[in-house]
Amino acid sequence: MKVLVIGIAVSVLVAIGLGYFLPLEPKLSWQAYSSTSTRVDDPGSNLVGPRWTGENDVRAAVDGTRG
């Protein structure tokens, strides 16, 4: 019983500690992970294309008409 209580207490302390320290300085993945052999840049804001309407219609995406 003593080991169980100690284990629960340690897990609560670890969770509180990680909850405090992890979000202190968040970075976006394209900022945090880069290497010399790859180039990861800002992905931008328009990632779906200029004719995207938000509709789930293949014809609208291809020819710009609504079906």
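Owing to the predicted nature of the structure, the values given are computational and were not obtained by experimental measurement.

> Could you give me a rundown of the overall build of the protein, with the residues and numbers involved?
Counting its regular elements, the protein contains three helices and zero strands. For the protein, the N- to C-terminal ordering of α and β elements is α-α-α. Counting across all 67 residues of the protein, residues that qualify as buried make up 1%.

> With reference to specific residues and values, describe the packing of aromatic side chains.
Enumeration according to the criterion identifies one aromatic pair in this entry. For the ring pair Tyr 20 and Phe 21, a centre distance of 5.0 Å and an interplane angle of 80° mean the geometry is edge-to-face. Summarising the burial analysis for this pair, Tyr 20 and Phe 21 share the class exposed.

> Got a sec to walk through the confidence of the model for the protein? Specific residues and values, please.
Averaged over all residues, the pLDDT of the protein is 76; the fraction at 70 or higher stands at 57%. Element-level pLDDT for the protein is lowest in helix H3 (residues 58–63), with a mean of 62, against a maximum mean of 94 in helix H1 (residues 2–21).

> Can you explain a nonpolar patch on the surface? Please cite residues and give values.
Residues Met 1, Leu 4, Val 5, Ile 8, Val 12 and Ile 16 make up a contiguous nonpolar surface patch of about 640 Å² in total accessible area. Looking at where Met 1 falls in the secondary structure, it is placed in the segment before H1. What makes Met 1 exposed here is its relative accessible area of 79%.

What counts and how
Residues numbered from 1 in each chain as written. Predicted model: local features only at pLDDT ≥ 70, side-chain atom pairs only at ≥ 80, totals over all residues. Heavy atoms only, no water. Helix = DSSP H or I, 4+ residues; strand = E, 2+ residues; numbered from the N terminus. Buried < 20%, exposed > 50% of the residue type's maximum accessible area, 1.4 Å probe, protein only. Phe/Tyr/Trp six-rings, centres within 6.5 Å; stacked < 30°, edge-to-face > 60°. pLDDT = per-residue confidence, 0-100. Patch = residues over 30% accessible without salt bridge, like charges linked within 9 Å, V, L, I, M, F, W, Y side chains within 5 Å. Areas by Shrake-Rupley, 256 points an atom, 1.4 Å probe, with all protein chains shown as cover. Salt bridge = Lys/Arg side-chain N within 4 Å of Asp/Glu carboxyl O.

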